[in-house]
Amino acid sequence: MIEPSDQDELAVAGDRFLAPPNGGINELLNVGQEDNMQGQMEEFLGPQAEYDEEEEERKYYRRKRLGVIKNVLAASVGAMIVYSVYMGLLQMQLILHYDMTYREVKYSSLGLEDIDRKMLMGINVTPIIGLLYTPVLIRFLGTKWMMFLASGIYALFVSTNYWERYYTLVPSAVAIGVAIVPLWASLGNYITRMAQQYYEYVNYKEEHVLEQKKLPKGACHSYIIVFQSVFSIIFHLSFVFAEFPMRFVLNSYLQDNQHILYNVKSCGANISGVIPGFNTTVLTNLPRSMLLILVESVLMGFAFLAMIIFLVLCGAAYRPTEEIDLRSIGWGNIFQLPFKHLRDYRLRLLCPFFIYSGFEVLFAVTGFFLSYGVCVLGLKKLWLLILVYGLSCSIFSSLSLCLLHLQRWVCLAGGAAVHGVLLVALLALSLPADKPDEYEGPLLVISVLWGLGTALNKTGVSTLLGMLYAEDKERLDYVYTIYHWWQAIAIFIVYLWSNLPMRAKLSILLASLLLACYCYWVMEHRLAMKVPYRLPRIPRPRHKVKGYRYLEEDNSDESDSERSEEDDKEENEDEENGAAEDREEGSQDTGVQESPRARGRGAEGHCCRREGALVMEGGRETR
């Protein structure tokens, strides 16, 4: 081996103790860079001098309020488009199918008259069972998705007109009958929920909003009035747009009045049925098939547009946790609660108004416009009568904004007064069929006044329900379901009485209106006297847990014996709390029964109280 020399050892020793030429400079540079980077991170993560938390919060809730307004407008426009398409297509379809030449030439062996009869039966009869399934559908699908699904069913009805057969028209008509009550209950619920959300976003700093407690009495009434008025103003334009196919397509194919009304002798109060003696041929020549397909394609496009509006532009009505809690009370309870809500004397006394609300709209379409309007003015003026009625409904719906400064009974009382005077006038109005020019002006005035009464009635009832139940989010779907279910029963009754004498129809309408006014006065008197009303208790949400622990972190140090002792103790406490609540409910059985505060609101105390029982339930199922 070659041993190192003394000079080599000195060189090695020197290398050990001598620093590199630039080593010290590099270490100093690294230290400076670390200090600078740390300072930049602290400056980035620390509170910004230009950041204003209150201003950002205010901007956030302003965006939320604009989102609520967007939801209301989208729901209103979507409903307006759906019913414009539905009523316009149904009107054109019934007129074409009524013409004997059209039936014999195009569908000689099909029996269109019988198909139309069964189709109308499906639309008018099926909704009377809507109380059985509407709350279940709304709670299972959610309010927004129920509106979307119902609009899809209306689009399905439009699509079946491409191939007019028994097995296409009748099932789609039955499907529409099934969807009517859920659609309208969802719309009423949705508009009222938007008013509640708008109030929460305006008063986001209030303690009851931060803790998601029940809203104070009357807090959001002004927003309910405004939003229901906006919805009615936009929706009633559907009567206007529904007449476009009639005015621009079908009107040029209709016969003159001398041919259509040749056998009609009298109109108005003296007749029985709809229009006795009306000619069975109303078309000069048959419309081209491609023209009808083009019209149906345009209507189909608008039906799809309504579906997209509901799907894309309408936000959710409830928070995800609230929707889970709404479904978690049990399907049996969801099915029973609409019937239990009829114990509330407010709803019972409003039922006559619900029935009259269904009477008056369908009578205007099938009674006044046909037995008075078409019978005198001819079929070519039908679009004008309905268009004037729709514009009147839309314009006068804005009068409900007066409820911001007046008593809530003013709207319903005003509509009832207008309709009462008109019903008495129609009872005495018997018109000849051969003088259309003399009676066109008075009939248009009656259409405007009837639209005024309809606007005050419809908007007043929806607003009143929202004001009575504004603080109970979990009851809105039941309340609006009951309202539109009674309306559906009224529409079914109008469908059955089509062959009665006109004076009998008007007498039934007048009697139901007087009864509705009396019952409403009794309800307002009881509320003024502070007579307690009875509300069914909505069960607390019960979350079923399988395979995991709910609202609790896993404690691996806890033994099975300790866990079982704590579970038994908390189970006993929960049973005692439940027994105390049942005793309290029994003692308040004749008074106002409120649902527990923590139900469906995500209250922290309720979660903590139920935590042990839920953990126990999950643990037992996993053992």
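Below: a short report on this structure. (Residues numbered from 1 in each chain as written. Predicted model: local features only at pLDDT ≥ 70, side-chain atom pairs only at ≥ 80, totals over all residues. Heavy atoms only, no water.)

**Details of a nonpolar patch on the surface**
- Where nonpolar side chains cluster on the molecular surface, the patch consists of Tyr162, Trp163, Tyr166, Tyr167, Met290 and Ile293 and spans about 680 Å² of accessible area.
- At the level of elements, helix H8 (166-202) and helix H14 (289-313) are the ones that each hand at least two residues to the nonpolar patch.
- Among the secondary structure elements, Tyr166 is positioned in helix H8.
- On the basis of relative accessible area, Tyr166 is assigned to the partly exposed category, the value being 40%. (Patch = residues over 30% accessible without salt bridge, like charges linked within 9 Å, V, L, I, M, F, W, Y side chains within 5 Å. Areas by Shrake-Rupley, 256 points an atom, 1.4 Å probe, with all protein chains shown as cover. Salt bridge = Lys/Arg side-chain N within 4 Å of Asp/Glu carboxyl O. Helix = DSSP H or I, 4+ residues; strand = E, 2+ residues; numbered from the N terminus. Buried < 20%, exposed > 50% of the residue type's maximum accessible area, 1.4 Å probe, protein only.)

**Quick word on the state of the cysteines**
- Using the criterion set out here, one finds one disulfide in the structure.
- Here Cys267 pairs with Cys375 through a disulfide, and the sulfurs are 1.9 Å apart. One quick way to see it: the torsion about the S-S bond of Cys267 and Cys375 is about -80°, and its sign makes the bridge left-handed. Of this pair, Cys267 sits in strand S1 (residues 266-268) while Cys375 sits in helix H17 (residues 345-377), and the two are 108 residues apart along the sequence. Accessibility assignment for this pair places Cys267 and Cys375 in one class, buried.
- Here Cys519 stays free of any disulfide, with the sulfur of Cys351 as its closest cysteine sulfur at 9.1 Å.
- A relative accessible area of 11% means that Cys519 is categorised as buried. (Disulfide = S-S within 2.5 Å.)

**What to know about the packing of H17 against helix H19 (residues 409-428)**
- Look at H17 against H19: their axes get within 13 Å of each other, and the N-to-C directions meet at 40°. Seen from above, H17 lies across H19 with left-handed handedness. Only Leu412, His419, Leu423 and Leu426 of H19 make contact with H17, whose side of the interface consists of Phe353, Tyr356, Glu360, Phe363, Phe368 and Tyr372.
- Looking at the contact of H17 with H19 residue by residue, the class counts come to eight nonpolar, one polar and one charged. (Axes fitted to C-alpha atoms, helices over the stretch in contact; angles between N-to-C directions. Left-handed = near helix turned anticlockwise from the far one by under 90°. Contact = heavy atoms within 4.5 Å. Nonpolar A, V, L, I, M, F, W, Y, C, P; charged D, E, K, R; others polar.)

**Side note on unusual backbone geometry**
- Positive phi is not limited to glycine here, since Lys530 has a value of about 60°.
- Checked against the element boundaries, Lys530 lands in the loop between helix H22 (502-528) and helix H23 (560-587).

**Some points on the environment of Leu412**
- Here Leu412 shows up in helix H19.
- For the pair Leu412 and Thr459, spaced 47 residues apart in the sequence, the C-alpha separation amounts to 8.6 Å.
- The residues contacting Leu412, other than those within four sequence positions of it, are Phe353, Leu456, Asn457, Gly460, Val461, Leu464 and Tyr520.

**Re the packing of aromatic side chains**
- On inspection of all chains with the given rule, the structure shows 31 aromatic pairs.
- Between the aromatic rings of Tyr61 and Tyr201, the centroid separation amounts to 6.1 Å while the plane-to-plane angle is 45°, which identifies the pairing as tilted. You can see Tyr61 sitting in helix H3 (residues 53-98) and its partner Tyr201 sitting in helix H8, a full 140 residues away along the chain.
- Assessed through its relative accessible area of 17%, Tyr201 is described here as buried.
- Ring centres of Phe231 and Phe235 lie 5.9 Å apart, and the angle between their planes is 10°; on these two criteria the pair is classed as stacked. Here Phe235 and Phe231 lie together in helix H10 (residues 221-235), a separation of four residues that amounts to about one turn. Phe235 matches Phe231 in its accessibility class, with the two residues each being buried.
- Each member of the aromatic cluster is reached from another via a ring pair, and the members are Tyr83, Tyr86, Tyr154, Phe157, Trp184, Phe231 and Phe235.
- For Arg526, the ring lying beneath its charged end belongs to Tyr345, and the centroid distance is 5.2 Å. (Phe/Tyr/Trp six-rings, centres within 6.5 Å; stacked < 30°, edge-to-face > 60°. Lys NZ or Arg CZ within 6 Å of the ring centre and 35° of its normal.)

**Describing the packing of H19 against helix H20 (residues 436-468)**
- As a packed pair, H19 and H20 sit with axes 8 Å apart at the nearest point and diverge in direction by 145°. Like other packed secondary-structure pairs, H19 and H20 cross with a definite hand, here left-handed. Across the interface between the two elements, Cys411, Leu412, Gly414, Gly415, Val418, His419, Leu422, Leu423 and Leu426 of H19 pack against Ile446, Leu449, Trp450, Leu452, Gly453, Thr454, Leu456, Asn457, Gly460, Val461 and Leu464 of H20.
- Looking at the contact of H19 with H20 residue by residue, the class counts come to 13 nonpolar, seven polar and no charged.

**Focus on the pattern of salt bridges**
- Considering all chains together, one arrives at 15 salt bridges under this definition.
- Asp114 is paired through a salt bridge with Lys118; the nearest N and O atoms lie 3.5 Å apart. Pair noted here: Asp114 and Lys118 are both in helix H5 (residues 112-125), with a separation of four residues, about one helical turn.
- With a relative accessible area of 32%, Asp114 lands in the partly exposed category.
- By sharing partners, the salt bridges in this structure join Arg193, Glu200, Arg319, Glu322 and Lys473 into a single network.

Note that all results are geometric; they support no functional claim without further evidence.
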